[in-house]
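# Overview (structure and organization)
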Amino acid sequence: MEFITKKKVRNRYFAPESSEIPFFTHMLEKQILNRKKNGESLLLLCIGTDKITGDCLGPLVGSKLIKSSFPFPVYGTLQSPVHAGNLYETLSLIRKNHSHPFILVIDAAVGPSSHIGLVSLSNSSLFPGKGIHRPLFPVGNISVTGIISEAASCCEETLPFTSLYLVDTIADFIAEGILALPFP
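Report on the accompanying structure. (Residues numbered from 1 in each chain as written. Predicted model: local features only at pLDDT ≥ 70, side-chain atom pairs only at ≥ 80, totals over all residues. Heavy atoms only, no water.)

## Quick notes on the packing of aromatic side chains
The final tally for this structure, using the stated rule, is four aromatic pairs. For the ring pair F24 and F173, a centre distance of 5.1 Å and an interplane angle of 40 degrees mean the geometry is tilted. Of the two residues, F24 is situated in helix 1 (residues 21-35) and F173 in helix 5 (residues 164-179); the sequence distance between them amounts to 149 residues. Each member of the pair, F24 as well as F173, is classed as buried. An aromatic cluster is defined as three or more aromatic residues linked by ring pairs; in this entry it consists of F14, F23, F24 and F173. (Phe/Tyr/Trp six-rings, centres within 6.5 Å; stacked < 30°, edge-to-face > 60°. Helix = DSSP H or I, 4+ residues; strand = E, 2+ residues; numbered from the N terminus. Buried < 20%, exposed > 50% of the residue type's maximum accessible area, 1.4 Å probe, protein only.)

## Considerations on the packing of helix 1 against helix 5
Where helix 1 meets helix 5, the axes come as close as 8 Å, and the angle between the chain directions of the two elements is 60 degrees. With respect to helix 5, the element helix 1 is oriented oblique. Helix-helix and strand crossings are classified by hand; for helix 1 and helix 5 the assignment is right-handed. Contact residues: I21, F24, T25 and L28 in helix 1; F173, I174, E176, G177 and I178 in helix 5. A per-class count over the contact of helix 1 with helix 5 returns six nonpolar, two polar and one charged. (Axes fitted to C-alpha atoms, helices over the stretch in contact; angles between N-to-C directions. Parallel < 35°, antiparallel > 145°, perpendicular 65-115°, else oblique. Left-handed = near helix turned anticlockwise from the far one by under 90°. Contact = heavy atoms within 4.5 Å. Nonpolar A, V, L, I, M, F, W, Y, C, P; charged D, E, K, R; others polar.)

## Examining the environment of T90
Counting through the fold element by element, T90 comes out in helix 3 (residues 87-97). The class for T90 is buried, based on a relative accessible area of 9%. When the C-alpha atoms of T90 and G76 are compared, they prove to be 9.1 Å apart, with 14 residues separating the residues in sequence.

## Details of the environment of S143
Structurally, S143 can be placed in strand 6 (residues 142-150). Given a relative accessible area of 3%, S143 falls into the buried group. In this structure, the C-alpha to C-alpha distance between S143 and L126, residues 17 residues apart in sequence, is 6.1 Å. Every residue in contact with S143, bar those within four places of it in the chain, is listed here: L104, V105, S120, L121, S122, S124, S125 and L126.

## A few points about the pattern of salt bridges
Counted according to the given criterion, the structure contains two salt bridges. For D168, the salt bridge goes to K64, with nearest N and O atoms at 3.0 Å. You can see D168 sitting in helix 5 and its partner K64 sitting in helix 2 (residues 57-67), a full 104 residues away along the chain. Here D168 falls in the partly exposed class, since its relative accessible area comes to 27%. Its relative accessible area of 22% is what places K64 among the partly exposed residues. A salt bridge links K64 to D172; the nearest nitrogen and oxygen atoms lie 2.6 Å apart. Separated by 108 residues along the polypeptide, K64 in helix 2 and D172 in helix 5 bring together distant segments of the chain. Three or more residues joined by partner-sharing salt bridges are found here, namely K64, D168 and D172. (Salt bridge = Lys/Arg side-chain N within 4 Å of Asp/Glu carboxyl O.)

Printed below as a string of structure tokens:
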């Protein structure tokens, strides 16, 4: 008989200020070390599109990491975004090219107004599209999201009008935190 235990999902929030980067990096490293099994290779899946300001966080982070010569594979950049239309194809490509991937997923998210501008680190998979009521299948082992707008029934309509400054500030914070990880 098999007993399945459901892990408790934990989110930790960070304000995107330079003084918070070391703590974010430390907590991200801790999550990776706690969850990643021997033989798994780290890779990043940065989800979003470059066509909608409120949904460009993932590709923006991916582009910043590539530009900074991040040593691990990154899927999803402004030049080659990963979004709902090509997510399944990208996951197939990842499975083909990486025998045992450990996937850190990065995406924009919506949440309570008090969380707008914060970065969330979660010990669980991400459900892309959930914020606009079109959830896809869960992806990744752990996830980082930037809360860019308030969750509302019409949030899909407001995403194109999200502040690019806000998205870029969150993207800088996430990229700097990831680049500060102590492993090669």
